[in-house]
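# A look at the structure
Single-letter residue listing:
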Amino acid sequence: MPSTLRSRLAIVLMMGAFLIPIASSNLRGLTHVLTCQQEAETPFTLLVEEGQEPTILTSQFFTADEETTLCGGLELNPRARSKGENRIQMVLPIKNTSKFPWHGSVKLRIGKTSVPIRVGEIGAGDTEEATVTLPGLARGQTTVDGSLLIGP
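Reference entry: report on the structure contained in this document. (Residues numbered from 1 in each chain as written. Predicted model: local features only at pLDDT ≥ 70, side-chain atom pairs only at ≥ 80, totals over all residues. Heavy atoms only, no water.)

### Notes on the overall build of the chain
Secondary structure summary: the chain contains 1 helix and 10 strands in total. Ordered by position in the sequence, the α and β elements of the chain form the string α-β-β-β-β-β-β-β-β-β-β. By the burial criterion, 33% of the 152 residues in the chain qualify as buried. Carbon and sulfur atoms make up 56% of the accessible area of the chain, which amounts to about 9600 Å² in all. (Helix = DSSP H or I, 4+ residues; strand = E, 2+ residues; numbered from the N terminus. Buried < 20%, exposed > 50% of the residue type's maximum accessible area, 1.4 Å probe, protein only. Areas by Shrake-Rupley, 256 points an atom, 1.4 Å probe, with all protein chains shown as cover.)

### Describing the environment of Asn77
Mapped onto the elements, Asn77 comes out in the loop between strand S4 (74-76) and strand S5 (79-82). Linking Asn77 and Pro93, residues 16 residues apart in sequence, is a C-alpha distance of 5.9 Å. For Asn77, the residues in contact, after removing those within four places along its chain, are Val91 and Pro93. (Contact = heavy atoms within 4.5 Å.)

Listed below in structure tokens is the structure:
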């Protein structure tokens, strides 16, 4: 192999080595870099019966002195409502009580499946909301819970 070809090949390989971290990074469906991930303590149980609208059960327990904010000043208050047979609409508001803007997503776990839902930028003191409809739920009982995924 000629020396000029060898030197060009070495340069290409060196440049390629710098691209390895970029090629191997995975944001797992997110549109922002993750700096905080914290579980929301609001699980939902969905009961789906044939010919009926789904039944939605949820409860949340906390004490008066317990901190209810997540990731240093964010509040996630998920809600669910029936949208007909086998369909549930999840409403995912995130309120930013901090003095810094954030980008937020909510990772919903529907049974054993995880899905990131983009909420977007949340300015200081603002509330942003994402809405997603879960169609075609399986008959029987399904659990839905989530995590707050925050980045700068």
